[in-house]
Structure formats: C-alpha cells, structure tokens
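So the chains spell out like this:
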Amino acid sequence: MSIVLAIFLGLVILVLAAVAIYHKNLKVAIIATGVVGLFASVLFLLLAAPDVAMTEASIGSGLSTIIFFYVLNKIRQSND
Amino acid sequence: MTQYFTLEFIAMFIGFMLLIIGVWGMLTQKNLIKIVIGYSLFTTGLNIAIVSIAYIKNSTAPILDKAVDRASAGNLVADPLPQALVLTSIVIGLGVTALMLTYVLRMYKEKKSLDINSYTDLKW
Amino acid sequence: MARHYAEHGAAEVGAANLVSAVVVTYRGFDTLGEVTILFLAAAIVGFFLKVNTRDNEREASLRKTSEILITASTLLIPTIFMLGVYIFMNGHLTPGGGFQGGAVIATGMVLMIMAKPNVKFNHKLLAFLESVSGVGFVVIGVLGVLLAAGFLDNRILPLGNFGSLLSAGAIPIIYVLIGLKVGSELTNILDSLKETQNEK
C-alpha cells in the first residue's frame, strides 16, 4: 500500500519539476516549486520522519514561495 | 528484480531524479529566476535522497512514547542521525535561496535584464 | 551507530524525541554552525537591500486590504504565534523543535504583513532578540564545557521525569533560544524584502 502511494507521489513530483523548469510563465513555475515541496513533505511522512516533514512543509513550501513572489513583484514593478 | 521495489529504493530513485532535473535546469536555462528555481529543486531532491537512507523496513518514527517499547527500541525505530542532518540542510537551503534572490535583485537593478547572456562583464 | 542512539539515548540524554537529542547534544556543534549560517544570510540580505529613497506617495496610495482578511487575521495571528511557541517549547517530547517553531512564527508575520501592508517592524527589538538568543546559545555551550562533559552537554540541569515538560536538562532552554533566533532572523529577511517594494 505505501509502495503504491510512493510511486504515485514520485510521478507527480517529477512531472511538476519538469513543468517548473520548462514553463514560460514565471508564476506557474514558482507555484510548481512550492507544490513539489509539499509532496516531498508527504513523502517524508511515508519514510517515518515527522520532524523533517514539518520543517520541509513550513520552510520549503511556505517561506520559499513567498520570497520568490516578493522578488518577482519587484521586477515586474520596475518593468513598467 | 523484485527486490528493487522496496520503499527506500523508490524514494532514493525519486530523490536522484529530482536532483538531476534541478541541475539540468540550472545549467541550461537562461532566465535568472529559473536558475534559482533549479537550485531549490536540487536541494529538495538531495534531502529526499538522504532521508531515504534512514528508513529501515517496517520501522516507525524515532520518538519514544507509549507505542514504542523502550527496551527493544533499537529494532523498531528508524535511524535518527540522517534525519537530524537533513533538518539542518533544509534551513541552510532556504538561507542560500534568499541570498541568491538578493543577488538577482541587485543584478536586475544594474542592467534591467533577466537574461544571463547579457552579463558579459567577466568574459574576455 | 543508530542502534546506540536508539538504545542509550533515553538514558543518557533524557529526551523522548531522538532526533532532538541528536541535533542538540550529540551533534550540537553542527547546530552552532547552522545558526551562524542563518545569521550570516540575514545580515547579507539586510546589507544588500538597503533602501535609500522611499516613495511616500506610493505607500499612501496602496489599496486598503479587504475586510475578510483583516478580520480573519486578527483571529488567526495570536493562534499562530501560540502554536509556534508550543512547538518549540515541547521540542523534546513531540516532533518539532526550535527550527520548526521559528518558521511558524515567521509565517505568522507574513500574514500580518499581508493584512496591513505598511506595518513597521521595530528593528531594535528584532536585533536585540536575535543577538541575545545567539549569545545565550554560546553561553550555554560554554557552561557545558565548564560544568559537565563537553560542549552543549545538557546535563548542567537535572534530567527530570522522562516525558514531562521540564525534563531533559537544558534542551528546552536551548530550543527556546533557537526558536526566538530563527523567528527573528526570518522576520528580518522578510522585512528587508518588503521594504524594497516601497522604493522609488
């Protein structure tokens, strides 16, 4: 059961990583990076590591996406 | 062949594929922000690969409470040492990502371009 | 090696959370290095993003945020802070610890920035919290050298009952200091990034 879940998570993670690198719209790429962090947090729970899952969910999927969006907004703002 | 379908092998495979996608993105993309996204994916993949080493078959989280018998805890819990190292690594990854984005902001203010081919100051 | 940590960790360190025991006592020096790297990153971000010319009319003409967000955030922000403090105070008993609690507190600050875009953080208070926590962490480490076996040993305070809140020696104190330090550093980084939005 957990092996089927791990295979499913793995496929979703790899597809989203390819979207994050090759998509032209930067907002979509940043959100895809955030969702990769979220699914990696679920994978950490499957691997019996609750501390690491909590850290990755709050830091990798929350704060990192917010910092990316601040920088993107500043660049858009000085573009027009 | 069927002994390769254990959970730790699949997780290590996912981690290494994510690492390769991240490094590929850092090397081939031209947009500066895409390079930082590639670095973030690379760090996440590396952390998955390290945590997958710590998993022992049919083990549980390394916290001793009522569900884990303290006398025979050595056989039941997963390895706490790689998990402690990955905790440090995730926080350092955030710090380095914030630093790289600061550099992107300053570079953009100098030349008004997000393309890495237009920064030719160090080429000779 | 893992078997030694699992079998003797409870007796030697007195913490129920084995990962906390490894991070703070067996590998305490790595935690000192990580705290240093975070401090360096926050200092460099604050140095590079210094804003010289503020654009005051842009700041005054920012759209007022919607009422749902303001009402919900007055209810949610104290709860999020309390959750962060709970996470790092019980770091030695349940999954959690200083870094997770600090990140939750920084996320609460993000909600405050979104609800009230021109909130001004008290830079003196943040700098004071950060430096006191950092110095306190090193002082406890040196106390470990003087009073017990090695750097950052947690037997300088007595190991209480296994599983209660005031157990595991100096681990709760170390986690409180790490939680405050990480929370104030991440808030500093977010504040430096927010100030660049107001630049001319």
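Residues numbered from 1 in each chain as written. Chains lettered and ligands numbered in written order. Predicted model: local features only at pLDDT ≥ 70, side-chain atom pairs only at ≥ 80, totals over all residues.

S.K.: Give me the overall build of chain A: which residues, what numbers.
M.R.: When you go through chain A residue by residue, the secondary structure sums to 3 helices and 0 strands. For chain A, the N- to C-terminal ordering of α and β elements is α-α-α. Taking 80 residues into account, the globule formula puts the C-alpha radius of gyration at 12 Å, and chain A, at 15 Å, lies well above it. With respect to the three principal axes, the spread of C-alpha positions in chain A is 50 × 25 × 10 Å. Scored against the burial criterion, the 80 residues of chain A give a buried share of 42%. (Helix = DSSP H or I, 4+ residues; strand = E, 2+ residues; numbered from the N terminus. Rg over C-alpha atoms; globule rule 2.2 N^0.38 Å. Buried ≥ 20, exposed ≤ 12 C-beta atoms within 10 Å, placed from the backbone.)

S.K.: Residue-level account of the overall build of chain B, with values.
M.R.: Counting its secondary structure elements, chain B contains 4 helices and 0 strands. If you list the helices and strands of chain B from N to C, you get α-α-α-α. Taking 124 residues into account, the globule formula puts the C-alpha radius of gyration at 14 Å, and chain B, at 20 Å, lies well above it. Reported as C-alpha extents along the three principal axes, the dimensions of chain B are approximately 65 × 35 × 20 Å. Across chain B, the fraction of contacts at a sequence separation of at least 24, relative to all contacts at a separation of at least 6, is 57%. (Contact = placed C-beta atoms within 7 Å.)

S.K.: Give me the lowdown on the nonpolar core, citing residues and values where you can.
M.R.: Judged by nonpolar contacts, the single largest core of 93 residues is most densely connected at Ala49 of chain A together with Leu18 and Ile174 of chain C. If we ignore the near neighbours within four places in the chain, the residues touching Ile174 of chain C are Val24, Phe137 and Ile140 of chain C. (Core = buried A, V, L, I, M, F, W, Y, C linked by C-beta atoms within 7 Å.)

S.K.: How would you sum up the interface of chain B and chain A? Please name residues and give values.
M.R.: Think of interface size as the accessible area that goes away when the parts come together; that is how it is often given. Each side of the interface is counted separately: chain B has 38 residues, and chain A has 39 residues. Listed by contribution, the elements that provide at least two residues to the side of chain B that touches chain A are helix H1 (7-28), helix H2 (32-51) and helix H4 (80-111) of chain B. Ranked by residue count, the leading element in the side of chain B that touches chain A is H4 of chain B, at 12 residues. Classifying every residue of the side of chain B that touches chain A by side-chain character gives 27 nonpolar, 10 polar and 1 charged. (Nonpolar A, V, L, I, M, F, W, Y, C, P; charged D, E, K, R; others polar.)

S.K.: So what's going on with unusual backbone geometry? Which residues, and what values?
M.R.: All names here are of chain B. Of note in the backbone geometry, Asn58 takes a positive phi value of approximately 60 degrees without being a glycine. By secondary structure assignment, the location of Asn58 is in the loop between H2 and helix H3 (73-76). We note that Lys112 has phi near 60 degrees; this positive angle belongs to a residue other than glycine. Of the residues examined, Lys112 has 11 C-beta atoms within 10 Å and is grouped as exposed.

S.K.: Let's hear about the environment of Leu177 of chain C: which residues, and what values?
M.R.: All names here are of chain C. With respect to the secondary-structure elements, Leu177 resides in helix H8 (residues 171-195). As for Leu177 and Ile113, which are separated by 64 residues in sequence, their C-alpha atoms are 24 Å apart. Ignoring anything within four residues of it in the chain, the contact list for Leu177 reads Ser133, Gly136 and Phe137.

S.K.: So what's going on with helix H6 (residues 98-115) of chain C? Residues and values would help.
M.R.: In this model, H6 of chain C (18 residues) spans 26 Å end to end at C-alpha, consistent with the 26 Å of a helix rising 1.5 Å per residue. Among all positions of H6 of chain C, only Gly98, Phe99, Gln100, Gly101, Gly102, Ala103, Val104, Ile105, Ala106, Thr107, Gly108 and Met109 of chain C are buried. Residues of H6 of chain C that are buried make contact with helix H3 (50-77) of chain A, H4 of chain B together with helix H5 (67-89) and H8 of chain C. (Expected span 1.5 Å × (residues − 1).)

S.K.: Would you mind going over H2 of chain B in detail, with residue names and values included?
M.R.: Here H2 of chain B is 20 residues long and its end C-alpha atoms lie 30 Å apart, about the 28 Å a rise of 1.5 Å per residue gives. Along H2 of chain B, 16 of the 20 residues are buried, which leaves the element largely enclosed by surrounding structure.

S.K.: Tell me about the interface of chain C and chain B, and please be specific about residues and values.
M.R.: In this assembly, 27 residues from chain C lie in contact with 23 residues from chain B. Among the elements that line the side of chain C that touches chain B, the one with the most residues is helix H3 (residues 28-48) of chain C, at 8 residues.

S.K.: Describe in detail the environment of Leu18 of chain B, supporting the description with residues and values.
M.R.: Summarising the element assignment, Leu18 of chain B is placed in helix H1. Judged by the 26 C-beta atoms lying within 10 Å of it, Leu18 of chain B falls in the buried class. With 91 residues separating them along the chain, Leu18 of chain B and Lys109 of chain B place their C-alpha atoms 32 Å apart. Leu18 of chain B has contacts with Ile13, Leu14 and Ala17 of chain A together with Leu41, Thr44, Gly45 and Ile48 of chain B, leaving out every residue within four places of it along the chain.

S.K.: Could you give me a rundown of the confidence of the model for chain B, with the residues and numbers involved?
M.R.: Residues and elements named next belong to chain B. Per-residue confidence for chain B gives a mean pLDDT of 87, with 91% of residues at or over 70. Model confidence for chain B, summarised as mean pLDDT per element, is weakest for H3 at 69 and strongest for H2 at 94. For this predicted complex, the interface confidence score (ipTM) comes to 0.92, while the overall pTM stands at 0.90. (pLDDT = per-residue confidence, 0-100.)

S.K.: Lay out the packing of H2 of chain B against H4 of chain B in plain terms, naming residues and giving numbers.
M.R.: All names here are of chain B. Contact geometry of H2 with H4 gives a least axis separation of 10 Å together with a crossing angle of 175 degrees. Between H2 and H4, the crossing angle belongs to the class labelled roughly antiparallel. For the pair H2 and H4, the contacting residues are Leu32, Ile33, Val36, Tyr39, Ser40, Thr43, Asn47, Ile50 and Val51 in the first and Pro82, Gln83, Leu85, Val86, Ser89, Ile90, Gly93, Thr97, Met100, Leu101, Val104 and Met107 in the second. A per-class count over the contact of H2 with H4 returns 14 nonpolar, 7 polar and no charged. (Axes fitted to C-alpha atoms, helices over the stretch in contact; angles between N-to-C directions. Parallel < 35°, antiparallel > 145°, perpendicular 65-115°, else oblique.)

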